[in-house]
Amino acid sequence: MSNSKIPNLQLISVLVLVMTCSGSLALADDPTLIVYNGNINTVDDSNTVFQAMALKDDLIMALGTNEDILALAGPDTVRMDMQGRMVLPGFVDPHWHLGKHMDEDFPELRGHRVPPADTLEETTQNIEEVIRETAAKAEPGEWLLIFPTGNLAREVILFETLTGEDLDRFAPNNPVYLNEVGSGPRSQSLLSGRGRALMEKEMPGFARLTDRDVKGIGTDLSASVIHDVILKGREEEYSRSLRKFLLSRTPKSGITTAGTILTRMQINAFAILDRKGELPVRFGWLSGYTAFF
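The structure contained in this document is the topic of the report that follows. Residue numbers restart at each chain and count upward from 1, following the sequence in its written direction. Local features in a predicted model are, by the rule used here, given only for residues with pLDDT of at least 70; side-chain atom pairs are given and counted only at 80 or more, and totals for whole chains, interfaces and linings are based on all residues. To get the side-chain values, all heavy atoms of the structure are used, and hydrogens and water are removed first.

## Some points on the overall build of the protein
Here is step 1: Numbered from the N terminus, helices here are DSSP runs of H or I no shorter than four residues, and strands are runs of E no shorter than two. Counting secondary structure elements, the protein contains 9 helices and 14 strands.
Here is step 2: For each residue, the accessible area found with a 1.4 Å probe, counting protein chains only, is set against the maximum for its type, and the residue is called buried under 20%, exposed over 50%, and partly exposed in between. Taking all 293 residues of the protein together, 44% fall into the buried category.
Here is step 3: The contacts of the protein with a sequence gap of at least 6 include a subset with a gap of at least 24, amounting to 75%.
Here is step 4: Accessible surface, the protein as shown: approximately 15300 Å² in total, 51% of it carbon and sulfur. Contacts are assigned to residue pairs with any non-hydrogen atoms lying within 4.5 Å of each other. Residue burial considers only the protein chains on display, and all accessible areas are found by Shrake-Rupley using a 1.4 Å probe.

## Notes on the nonpolar core
Here is step 1: Note on terminology: a nonpolar core comprises buried Ala, Val, Leu, Ile, Met, Phe, Trp, Tyr and Cys residues joined through side-chain atoms within 4.5 Å. Ranked by size, the top nonpolar core spans 34 residues in total, and within it Met199, Phe206 and Leu221 carry the most contacts.
Here is step 2: Of all the secondary-structure elements, those providing two or more residues to this core are β10 (144-148), α7 (218-230), α8 (235-253), β13 (255-261) and α9 (264-276).

## Some details on the packing of helix α2 (residues 120-137) against helix α3 (residues 151-158)
Here is step 1: Here an axis means a line fitted to C-alpha atoms, over the contact stretch when the element is a helix, while the angle between two N-to-C directions is reported on a 0 to 180 degree scale. Axis separation between α2 and α3 bottoms out at 9 Å; the angle between their running directions is 80°. Taken together, the axes of α2 and α3 are roughly perpendicular relative to one another. On α3, the residues touching Leu120, Thr123, Thr124 and Ile127 of α2 are Leu152, Ala153, Glu155 and Val156.
Here is step 2: In this classification, the charged set is Asp, Glu, Lys and Arg, the nonpolar set is Ala, Val, Leu, Ile, Met, Phe, Trp, Tyr, Cys and Pro, and all remaining amino acids, among them Gly, are polar. Split into classes, the residues belonging to the contact of α2 with α3 amount to 5 nonpolar, 2 polar and 1 charged. Angular relationships are summarised with four words: roughly parallel below 35 degrees, roughly antiparallel beyond 145, roughly perpendicular across 65 to 115, and oblique for the angles in between.

## Remarks on the packing of α8 against α9
Here is step 1: Between α8 and α9, whose axes approach to 8 Å, the crossing angle comes to 75°. Considering their axes alone, α8 and α9 lie roughly perpendicular with respect to each other. Facing α8, whose interface residues are Glu235, Glu236, Tyr238, Ser239, Leu242, Arg243 and Leu246, α9 presents Met265, Gln266, Asn268, Ala269, Phe270, Ile272, Leu273 and Lys276.
Here is step 2: In terms of residue class, the contact of α8 with α9 is made up of 8 nonpolar, 3 polar and 4 charged.

## Concerning the sheet that holds strand β2 (residues 39-41)
Here is step 1: DSSP bridges decide pairing: two strands pair if at least two such bridges lie between them. Read from one edge to the other, the open sheet built from 3 strands follows the order β3-β2-β7, with strand pairing classed as mixed. Of all strands in the sheet, those bounded by a partner on one side alone are β3 (49-50) and β7 (86-87).

## Some points on the environment of Leu246
Here is step 1: Following the sequence through the fold, Leu246 ends up in helix α8.
Here is step 2: Separated by 35 residues in the primary sequence, Leu246 and Val281 have C-alpha atoms spaced 7.7 Å apart.
Here is step 3: Ignoring sequence-local partners within four residues, the contact set of Leu246 consists of Leu98, Pro251, Phe270, Leu279, Pro280 and Val281.

## Focus on empty space enclosed by the protein
Remark: the empty space left among the atoms is shown by a probe the size of a water molecule rolled over them.
Here is step 1: Cavities and pockets are defined on a 1 Å grid built over the protein atoms alone: a cavity is a set of grid points where a 1.4 Å probe fits but cannot escape, while a pocket is an open set with protein on both sides within 12 Å along at least five of seven lines, and lining residues are those with an atom within 4 Å of any such point. Grid points are joined across faces, edges and corners, and a volume is the space filled by probe spheres set on the points. Per the stated rule, a full pass over the model turns up 1 cavity of 30 Å³ or more.
Here is step 2: The volume enclosed by the largest cavity comes to roughly 30 Å³.
Here is step 3: As for the largest cavity, its lining consists of Ser189, Leu190, Leu191, Arg196, Phe206, Asp211 and Val214.
Here is step 4: Of the residues forming the lining of the largest cavity, the biggest block, 3 residues, is contributed by strand β12 (residues 189-191).

Structural data, given as structure tokens:
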């Protein structure tokens, strides 16, 4: 069996265990895959480069010249001609936001944007109008995710031009989460009374936080609101979307191991994929978003 086509990957991820070789070789088992005609970088202390590599499933069996390694092929070994391309070990990214999903799978999480305005008064008015219009179309109890943009939107929340009581007045039948976006990790947030009650029910420790405490944790809070409250109980569905997201990002960048911050629901989704053997990347996680809840 042979295969000279190159998959749509610039990098091939490999395990750290490496056996260098020279001269004639003999292996107990036939390789599953032989990669040849490449520039295979071991990234060792001498930055040694080989032409070819033999693998048995996930284990590197041997490295050497094209002639030596191709001689190890058995009847079922797949041969991959790299045509001079570089092969590197998998990359480790200790800070990567892996817990995302494909937007088309959860359109209800996109929320409603409020464009920036020229004055604080106009910004406040626009936010109110979007909340009222969204509430008029929503089912009772449905979360309203409102994302105003611009520095004035930040000031509306920061200086309490709008309060949680105002959000309850604009949408009396719906929980509202207002999160100003565009100002980095310390974006400003505000919950309506109904929204706060749902957060406290799911995370009792949230009750000890005042609206002023909540303001500056917009990015962290939005992850908890969306995943641990709105998507509660949908871990299976989320895990499928998460896997698609990972497969759309990790192979082309060569990342095989990553660190990330996850919510409780996201951790459960990763665990589901891990149990099924469908987790496409190794990861280390920190439950940072909900640690204070």
